Structures are given as structure tokens and as C-alpha cells.
Amino acid sequence: MPCPPHLASSRRILSLWLPALAMDRWRLAMGEAGAALDAGPLVLIADTAHGPRIEALNGIAMQAGARSGTMLADARTLCPAIATAPADPAADLAFLEKLALWGRRWGPWSAMDAPDGLLIDVTAVPHLYGGEQHLLADVAKAFARRKLAVRAAIAPTAGAAWALSHHGPPNAIVGGAGSHVEEAIARALADLPVAALRLDQDVLTVLRRLGLKRLGELGTIGRDAIQRRFRNRKSPAANPLVRMDQLLGRVPEPLLPVVQQDMPLVQRRLMEPIRHRPLLDQVLGDLAADMVRELEGRGEGARRLEIGLWRVDGEVVVRRLELAAATREAAHICRLFSAKLDDVDAGFGIEMVRLRASWAEPLALEQGDIEAAAEAHGTSLAACIDRLTVRLGEKAVSRPVPFASHIPERAQRWQRPLDPEPASQGELAFHQRPLKLLDKAEKIAVLYATPDGYPKRFRWRGQVHEVARVEGPERIAPEWWRERGNARLRDYYRIEDDAGRRYWIYRLGIVGDGRGGLPDWYLQGLCA
Amino acid sequence: MTQPDLSSLPEAAIEDMATLCARRSARWWPGLAAQEGKALHSEVFVSSREAAGAGAALALALDDWRNTPRGETEEAEDRRGVLWVQTREAARLSGRPCRAGLPEDMRHRVIHVLAEKPEDALFALEEGLRCRDLAFVVGEVAGNPRSLDFTASRRLTLVSQKHGVPLFLVRLDARRDLSSARMRWEVTSTPSPAPRWNAQAPGAPAWQADLFRARGHRPGTWVLGDGGGVLVASRRTDQPEPAANQADPREQRLPFSSRARSAGSARSARAAQWPARGERG
């Protein structure tokens, strides 16, 4: 949907590109120790299936002929003196995330442009710096102070700003107020290469073969021709027309802002290292009360809590607790943790205790004094399940849910008790099912008229049952898409013996099905 | 014997109803929960070779649950869950609950707990009884574990009374040991009524239930069955029917030793002062 031109024209987006992010970060992290290495050719490498590959490199290595993305062995043939250090893309991304938050000094809203860029909305901000030129100067100064290389550009759309920062002149500014923004962008960017459209490599190859090298040339062959060629490409990164429209501001381009979320964390530094459990319980109680206050202020409840115990000798003992539902009750937290802290070795003493809620969910404010209410009215289901799982283990408490399968033991799965039930088609209740299923069907010896007569008598767990009444068979074929080809079918019978006991038994296979000898009988379920 | 609370009845009906109730209250019958409240702690003794125990316990629990009047402040529709605790031994012997085989309105409610040891199972039962979001708790314990002694069962009874959550404890292959359960049943399967369309097929489940110990009720034997969503019970007619207004339950046929019988009489004497079963804590 085309967005109104006045909206597109009113926005100002600042795009920042850090061309040497990985290398700069490595230098900052190493400090003086890395200076000697950095004086010669240096590359950051990542291990791949075909050997180490160059991810980033410094200027000297670049002059020596190494390129990013080539194998280290190839670069060594050109320049045997290349020094290496491991690349760390995850840390680079985390660093970029921090930079995105830091970049809010120039605008109220910033987004990451992984792996090495930032987009900041600076609409209505530049006058605070005395104009856009001065804003860009401030950006350059701030990044220089942090020893990071940067290229910046300001444009009315994110696409145009990105194109300018990566492929345009340094500190480019495009468009101003007015209704001719689109023409202004198109004119300013006409000379940039098509790579400025943020397209995939294969699309760029296609465009190059078509002879379209500059953005301005895209308009010369007509929109219909490009539309026809790329009619199957829906994703923006594969369709130059969508990218062009985003760049000109004809279609909106949603960007995901970085939102800072800090976990509630409380800690106690202790004057004297503690070595005894009652003291630790006291500290835990204080921490839980602090945590509850912290959570209450945010209107949240904890789903996962981590307690860290720092010992005098530097060891850190961590215990983790997961709750069935968001909670904000100090007594409940203490009670659950006290079971987990039984095997903690205090050593020479614990000098710091830290409690962190690494997962919190919104929880409305409630009336206080819950624990006193629990004495009178009982606990809630979530608290009950928490207590059970802490003592009996995560697996012990579960809820049966249906699963799409005909095989009776697969037709039911066990999941955590408070998770929502998976969507299911509902059961086709043509046949009755037993009240209880044995964990593993037990083999029984059955007297029956071959090949497929009713069972007359059977022996189970050392006792003989005379079959009085039978219903069946209910034939359940094996799941051929999952099981081996020689899996046998099952004929289920609901039976009642002379004493009135009701069972659910099956015969595995029939005589002469070519999948084994005489069929075996199994008892799988006990009917009510 | 106990006298039911008659204050809620209209004046004119009191004469007839009082005698009727007094006569009938001597015996348990389905739907009793509507008048006397839920049976809070029941034990069901059963062989591990059949699922009759779990079936009958569920039927009794559902009967109480459906017939208990809803309070003013409670929600009109009960959406609480059901806790089903099994020891691993009990699960091995008699299997785990099968969702498709459960009664229709129980399927989405069941929360299953698998305990390794009987101690863990008792802990889980007690925590379940403390929980206000559970309609009732079903337990299955195999044999006579040392930890399930009179103290433990008394503890369960008290918790159940205090929080008003009924407990139905299925005892697989167990001796009739000491227990403070309010109602103790011995259940076996019995031939089911023939279905309408196929007389050769097993029908709706039926159990022979022997109430051998109850507080506030006279023991007896019933054939329990499913009558279209409600529990129906018929008295066994092959046993001598004691007079309905018999004063002393001690003359009832009791499969117990003389010591247990004297204990039973002491309890029934005490029951006269108590407001019958179903008192809330």
C-alpha cells in the first residue's frame, strides 16, 4: 500500500555503517596486547568444513592481497606472514545491540541492521544539534572517540539512507522538506550501483547480466519488464522493484526497534561469609522479599529464577527454578528454593547471594497476604504444581493430551500440566477405549480358533481367564509411513471374563500375512 | 446414628421426610452428597488384575462431585482439575490412565503424578488436598507400604477435612490395614449388563462394591453401574437384609476381627455427636 507522500517526506532516517566492526571490536577487546599483532597483516578467521575462512581483516592484510570470505590457505599463498585470531560473530552482534541502544543519543528509536549497521530515526531531532551537518559531525566525533570506523548518511527512507551510507559519498544528506522528495531521492541515488538496493547476490548477478549497473538505469527499461522477470519473487531482498519502492518511500518498510529489557536482579553482599543454612535461609528470605518488591513495581511475576551463591574461594553455585505460572509470593519462592539448596557446599563461606528473574511475565496486582489466605483456602493450582515438580522432578507431573495417531499407545502424549492443549481434530469415538493402558503391552497365551476366531481362554500373569463375552475385532493397521514394512496389523478385542473383569487385548498379525509365524497375543488395556 | 439437617425443609414435609430420611440415612446410596456433603476420604481395595478400583473410585468421586450443591459464591460451572497420583509400582501393575477411556468431562481435567516411592505419593496426595483448584484427588498405591500407616492416613483425612477436597485412595492388592478413611470399599468387577444391540459384547462397567467400614453409614454390598451418566446402585439381594431401623450397627455382618469391631462401635458411638460425614474444617 503506498504511503502518503507527506508522511514519507517528513521522516529522517540516519543510517550508520561500521565497515570494520569485527576488527575494531577485536582491537578494543585486546587493547595493548593486540597492538603488536595489528602492526602486521592480521585476519579474523572462522572454522568451516573446508578449513579456516577469513571473516575480517586489517588494512595491511588487505594491501597484501587477502580478502574477506576467502580461505585462509589461499591468502597465505599470497602473504605467508598473515597472523590470525578467531572471529566471534555472536559477540559482534551483542556489541551491535549495545551500540543500537547507545545510538539513541541521536534519536528516540533505533534498529539493528545486522551484521554491521544501525538505523536511527532522527525525525525532528537535527535542530537540537544545529542542523543535519552538525548532527553527522557529532556522530563522526562520537564514533572516533570510541575508535570505531563509521560511515553515516541521512535520508527520508531507511532504504535510501542505507544505500547512501554504504555506497554514497561520506556524510551524505538527501532530501529536505517538500513534496518532491521522491524525485530528490531518485536524482541523488541515480549514480549508485544496484548493490545499494540490498539485494541477494543471485539477483545482483541477474541485473548485471541484464546490463543494469546503476540505480538510474532501472527506470530506463520500464517497470513492466522488470515486473515480469521477477514476478515470482515475493521477498523484498529478491525483488528489485520492491526494494526500489521502499527506497523511494512508495511502500512502508517496517523496522524492528531494539528495546532494552533488564531483568529484575537483587543481591546481598554479606559483611561476614556465612556457612550455615539458617543464615542462608534468612538471606534468601530477604532477597525474595526484595525481588517481590522489584517485580511488583514492574507489574510482573517471575517464571524462572536463578540464585547465585558466590563463595569466598571464587566458586559460584547456581541453582535454577522454573515456575508453572508467574508468581510474586516471597514465601512460595523461599519454600521452593529451600528444597534446592539442601546440597549446597558452603566451603569457607558464602559472601554474596544474587537472585535474578531471567524470565518474567506480566502479572496483575493482587491483594496481599496470600500465604495467610492459603492456610484458610488452600493453595492455587500453579503453586501446587510448583511444589510437586520441585520435589518429584519435572517429568513426574504431566497431563495426557491427544495426538493424531491410530496406534493406541501413540494416540496420547504427556505434556506439562499448565501448557495449553494442542489443537486436535477431536476423537472419532467409534470404539470404546479402556480406562487404563499398560506401559508396555504384556504378552498373553490365548486359546482361539485360528486363523481369526474369538479368544476363548487366556493366561495372563500366571492366571487363567475364561472369556465370557467378546466384542471385536477392531483392526488397526500399522502406520506404514513411519514403521518398517514388515510391521503387522493389530486386531483388538474388548473382552469380559467369567468373573466380569474387562480387558482390551489384541492379536498381532494374522496367520498367513507373510510377516512372521503364528501371531502373538497381547493384553494392552484394563477396562473399568 | 446421625440425624440429617432438616431445618431447610418446609414444615409440613418434616413429619414424613424425617422418618424417611432417618430410615434411609442408615445406608449409603448414590447422590448422598446432595444432603450430607462429600465423602472426604475413601479407600477402595481392589486386585491389581482389574481396573475396577480406579473405575469405581472415579464413579464415586464423580457422583459426589455432581451431586454436591454449588455454593452461593462459587462459580456456576466447576472448572477445577483432578489430580491422579500413582506410584510407579501401581502404574506398572495396573497401567496409566488413558485419556480416550476416561469419562467425557474428565478428559481435559486430569493431571497425572508419577511418584517413585510411596512417600512421594503421600506427599503429592497431601499437596493435592491442600489445593483449592482441584475437584478431587485420586491416588493409587500398591500393597501395604510401611509409610502408609495410620498416622499418614489420619494426616490425609485431616488435610482433606480442612480444605474440603475429597480423596479417593485405590489400594491395589492391599490388606485391610488400619486407616482413618471415612468410607472403605472393597470392589470387584461383576458381569456387566448386556448391551442392547449386541448381547455378546461386554456392556457398561459394573462393579460389586462392598462397603465394609463407614462412618455414619451401615456397611453393605451394592452393585454399582453406569446409568447414562449417573451412578446407579442396587442392593445385593442374595444377602440377608437387616431391618432398616436397626439401632446398633454392630450386628451388621462385618468381615473383621473382634478388635476391629469394638473399634467400629466406639467410632459409631462418637459419630452420634459429630455432624456426620462431610464436615468441613
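Residues numbered from 1 in each chain as written. Chains lettered and ligands numbered in written order. Predicted model: local features only at pLDDT ≥ 70, side-chain atom pairs only at ≥ 80, totals over all residues. Heavy atoms only, no water.

## A few points about the overall build of chain B
- For chain B, the count of helices and strands is seven helices and ten strands.
- Across the 281 residues that make up chain B, the buried fraction comes to 54%.
- Long-range pairs, those at least 24 residues apart, make up 73% of the contacts in chain B between residues at least 6 apart in sequence.
- Looking at chain B as shown, the accessible area adds up to about 12,600 Å², and 51% of this sits on carbon and sulfur atoms. (Helix = DSSP H or I, 4+ residues; strand = E, 2+ residues; numbered from the N terminus. Buried < 20%, exposed > 50% of the residue type's maximum accessible area, 1.4 Å probe, protein only. Contact = heavy atoms within 4.5 Å. Areas by Shrake-Rupley, 256 points an atom, 1.4 Å probe, with all protein chains shown as cover.)

## Re the overall build of chain A
- Of the regular secondary structure elements, chain A holds 17 helices and 20 strands.
- Looking at chain A residue by residue over its 528 residues, the buried ones come to 43%.
- Residue pairs at least 24 apart in sequence account for 59% of intrachain contacts in chain A once pairs closer than 6 positions are excluded.
- Surface accessibility of chain A: about 27,700 Å² in total, with carbon and sulfur atoms responsible for 54%.

## Observations regarding the packing of helix H17 (residues 381–392) of chain A against helix H5 (residues 118–130) of chain B
- Orientation of H17 of chain A relative to H5 of chain B, taken along the N-to-C sense of each, is 170°, at an axis distance of 10 Å. It follows that H17 of chain A is roughly antiparallel to H5 of chain B by the angle criterion. Every residue of H5 of chain B that contacts H17 of chain A at Cys 384, Arg 387, Leu 388, Arg 391 and Leu 392 of chain A is listed here: Glu 119, Asp 120, Phe 123, Ala 124, Glu 127 and Gly 128 of chain B.
- Split by residue class, the contact of H17 of chain A with H5 of chain B holds five nonpolar, one polar and five charged. (Axes fitted to C-alpha atoms, helices over the stretch in contact; angles between N-to-C directions. Parallel < 35°, antiparallel > 145°, perpendicular 65-115°, else oblique. Nonpolar A, V, L, I, M, F, W, Y, C, P; charged D, E, K, R; others polar.)

## With respect to the interface of chain B and chain A
- Taken together, the contacts link 60 residues of chain B with 54 residues of chain A.
- The junction of chain B with chain A conceals about 4,700 Å² of combined surface from both sides, 51% of it contributed by carbon and sulfur atoms.
- When the buried surface of chain B facing chain A is broken down by residue, Arg 49, Arg 99 and Pro 202 of chain B rank first, second and third, together holding 18% of it.
- Taken together, the connections running from chain B to chain A amount to six salt bridges.
- For the salt bridge of Arg 99 of chain B with Glu 421 of chain A, the shortest nitrogen-to-oxygen distance reads 3.4 Å.
- Between chain B and chain A we count 31 residue pairs in polar contact (both at pLDDT 80 or more) in total.
- Per-element accounting of the side of chain B that touches chain A gives the leading share, seven residues, to H5 of chain B.
- As judged from the two bridges shared by strand E15 (residues 436–448) of chain A and strand E3 (residues 96–97) of chain B, these two strands associate in the antiparallel manner. By the bridge assignment, Leu 437 of chain A is partnered in E3 of chain B with Arg 96 of chain B. (Buried area = accessible area lost by both parts, 1.4 Å probe. Salt bridge = Lys/Arg side-chain N within 4 Å of Asp/Glu carboxyl O. Polar contact = N/O pair within 3.5 Å; in protein donor to acceptor, adjacent residues only side chain to side chain. Pairing = 2+ DSSP bridges.)

## Points about the confidence of the model for chain A
- For chain A, per-residue confidence averages 88 on the pLDDT scale, and residues scoring 70 or more make up 95% of the total.
- A low-confidence stretch, residues 1–8 of chain A stays under pLDDT 50, and its non-local contacts, those more than four residues away or across chains, total ten contacts. (pLDDT = per-residue confidence, 0-100.)

## Topic: the sheet that holds strand E4 (residues 83–86) of chain A
Residues and elements named next belong to chain A.
- Reading across from one edge, E3-E2-E4 is the order of the three strands in this open sheet, with mixed pairing throughout. In this open sheet, the two edge strands, each paired with only one partner strand, are strand E3 (51–57) and E4. On average, each strand axis in the sheet is inclined to that of its neighbour by 45°, with strand direction left out of account.
- Examined bridge by bridge, strand E2 (residues 42–48) and E4 share four bridges and lie parallel to one another.

## Side note on the confidence of the model for chain B
- Confidence in the prediction for chain B averages 79 pLDDT; 74% of positions are at 70 or higher.
- Taken together, the stretch residues 240–281 of chain B has pLDDT below 50 and engages in 64 contacts with residues farther than four places along the chain or on a different chain.

## Observations regarding a positive patch on the surface
- Residues Arg 208, Arg 209, Lys 213 and Arg 214 of chain A make up a contiguous surface patch of positive charge.
- For Arg 208 of chain A, the position within the fold is in helix H10 (residues 201–209). (Patch = residues over 30% accessible without salt bridge, like charges linked within 9 Å, V, L, I, M, F, W, Y side chains within 5 Å. Lys, Arg positive; Asp, Glu negative; His and termini not counted. Charge placed at Lys NZ, Arg CZ, Asp CG, Glu CD.)

## Brief notes about the pattern of salt bridges
All names here are of chain A.
- Using the criterion set out here, one finds 56 salt bridges over all chains in the structure.
- A salt bridge links Arg 198 to Glu 253; its shortest N-O distance comes to 2.9 Å. Taken as a pair, Arg 198 in the loop between helix H9 (181–189) and H10 and Glu 253 in the loop between helix H13 (240–248) and strand E9 (265–274) lie far apart in primary sequence, 55 residues in all.
- The closest approach of N and O atoms between Glu 361 and Arg 303, which form a salt bridge, is 3.3 Å.

## Things to note about the environment of Ile 221 of chain A
Residues and elements named next belong to chain A.
- Inspection of the secondary structure puts Ile 221 in the loop between helix H11 (215–218) and helix H12 (223–229).
- Residue classification places Ile 221 among the partly exposed residues on the basis of a relative accessible area of 41%.
- Each residue touching Ile 221, except ones within four places of it in the same chain, is listed here: Leu 212 and Ile 226.

## Observations regarding helix H2 (residues 21–30) of chain A
Residues and elements named next belong to chain A.
- All buried positions along H2 are accounted for by Leu 21, Met 23, Asp 24, Arg 25 and Trp 26.
- Packed against the buried residues of H2 are helix H3 (35–38), E2, E3, E4 and helix H6 (89–102).
- Two residues or fewer after H2 comes Gly 31, characterised by a positive phi angle close to 70°.

## Re the sheet that holds strand E14 (residues 412–415) of chain A
- One open sheet holds the eleven strands; their spatial order is E14(A)-E13(A)-E4(B)-E2(B)-E5(B)-E6(B)-E1(B)-E7(B)-E8(B)-E9(B)-E10(B), and the pairing between them is mixed. Strand pairing shows two members of the sheet lacking a second neighbour, E14 of chain A together with strand E10 (231–235) of chain B, which therefore form its edges. Each adjacent strand pair in this sheet contributes to an overall mean axis angle of 30°, direction not counted.
- In terms of strand pairing, strand E2 (residues 81–87) of chain B meets strand E4 (residues 110–115) of chain B through six bridges, oriented parallel. Considered in E4 of chain B, the bridge of Leu 83 of chain B is made with Ile 111 of chain B.

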